[in-house]
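These are the residues of each chain, in order.
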Amino acid sequence: ANVATEAIKFKLIDTDGKSINITESEEGLIFEEYKGKAIFLVIFGHNCPPCKAEIPEFVEFTTKYKDKLQIIAIEVQKYSVAQIQAFKKDIYSGN
């Protein structure tokens, strides 16, 4: 098989522990669970104050455009789902 012609596939794990399957195509990356929506990728660090400060705006933007947009935030360090859920709870409680 010619590696250059094979689609690249990978996955991310969301905060609920579910897979987000991603395939590369000629058109770009396809996020299979979010077909038909625009994808906004955010790379952040949970201990980065400017990154944390942006989260409420992302939540508001996602709520406003929930039928057309999916924001996917990728943490730069590896954490368990439980650790990310605790961070998410902390953010939504305003801490």
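The shown structure was predicted, so the numbers you read here are calculated from the model rather than taken from an experiment.

**Student:** What exactly am I supposed to notice about the overall build of the chain here?
**Tutor:** In terms of helices and strands, the chain carries 2 helices and 5 strands. Starting at the N terminus and walking to the C terminus, you meet the elements of the chain as β-β-β-β-α-β-α. Counting every position in the chain, which comprises 95 residues, the buried fraction comes to 20%. Contacts in the chain between residues at least 24 apart in sequence constitute 54% of all its contacts with a sequence separation of at least 6.

**Student:** Would you explain helix H1 (residues 49-64) in this entry?
**Tutor:** In an α-helix, one turn spans 3.6 residues, which is why side chains three or four residues apart end up on the same side. Between the first and last C-alpha of H1 there are 24 Å, a value that for 16 residues agrees with the 22 Å anticipated at 1.5 Å per step. Within H1, the axis deviates most sharply at isoleucine 55, by approximately 30 degrees, and proline proline 56 lies no more than four positions further along. Buried residues of H1: Cys51, Ile55 and Phe58, and no others.

**Student:** What am I meant to see in the sheet that holds strand E3 (residues 28-31) here?
**Tutor:** Each strand in a sheet pairs with another by means of backbone hydrogen bonds, the pair being arranged parallel or else antiparallel. With antiparallel pairing, 3 strands are arranged side by side in an open sheet as E1-E2-E3. Each of the sheet's edge strands pairs with one partner strand only, and the pair in question is strand E1 (9-13) and E3. Strand after strand, the sheet turns through a mean of 30 degrees between neighbouring axes, direction not considered. For E1 and strand E2 (residues 19-25), the ladder comprises 5 bridges, and the chain directions are antiparallel. Bridge pairing links phenylalanine 10 to isoleucine 22 in E2.

**Student:** What is the right way to look at the nonpolar core in this model?
**Tutor:** One broad trend across soluble globular proteins is that nonpolar side chains are buried collectively. Counting 8 residues, the largest nonpolar core is built from Val42, Phe44, Cys51, Ile55, Phe58, Leu69, Ile71 and Phe87. Contributing elements (two or more residues each) for this core: strand E4 (38-44), H1 and strand E5 (69-75). Here this core takes 3 residues from H1, the largest share from any one element. In contact with valine 42, not counting residues within four places along its chain, are Phe58, Ile71, Ile72, Ala73 and Ile74. Membership of the second largest hydrophobic core comes to 5 residues, among which are Ile20, Ile22, Phe31 and Tyr34.

**Student:** Is there a simple way to explain the pairing of E4 in this structure?
**Tutor:** The side chains of a regular strand alternate, residue by residue, between the two faces of the sheet. Two strands pair when backbone bridges link them, and E4 and E5 are joined in this way by 7 bridges, in the parallel orientation. Bridge pairing in E5 places phenylalanine 44 opposite glutamate 75. In this fold, the crossover linking E4 to E5 by way of H1 has right-handed handedness.

**Student:** I keep staring at the side chain of threonine 23 and nothing clicks. Help me out?
**Tutor:** Tracing the sequence through the fold places threonine 23 in strand E2. Threonine 23 gets classed as buried once you look at its relative accessible area, which sits at 11%. At 2.5 Å, the side chain of threonine 23 forms a polar contact with the side chain of glutamate 32.

**Student:** Even after reading the chapter, I still don't get the environment of lysine 35, so can you show me in this structure?
**Tutor:** With respect to the helices and strands, the residue lysine 35 is situated in the loop between E3 and E4. Taking the C-alpha atoms as reference points, lysine 35 and lysine 68, separated by 33 residues in sequence, lie 10.0 Å from one another.

Calculation criteria
Residues numbered from 1 in each chain as written. Predicted model: local features only at pLDDT ≥ 70, side-chain atom pairs only at ≥ 80, totals over all residues. Heavy atoms only, no water. Helix = DSSP H or I, 4+ residues; strand = E, 2+ residues; numbered from the N terminus. Buried < 20%, exposed > 50% of the residue type's maximum accessible area, 1.4 Å probe, protein only. Contact = heavy atoms within 4.5 Å. Expected span 1.5 Å × (residues − 1). Bend = angle between axes of the 7 residues up to and from the residue. Pairing = 2+ DSSP bridges. Axes fitted to C-alpha atoms, helices over the stretch in contact; angles between N-to-C directions. Core = buried A, V, L, I, M, F, W, Y, C linked by side-chain atoms within 4.5 Å. Right-handed = clockwise from strand over helix to strand, strands pointing away. Polar contact = N/O pair within 3.5 Å; in protein donor to acceptor, adjacent residues only side chain to side chain.

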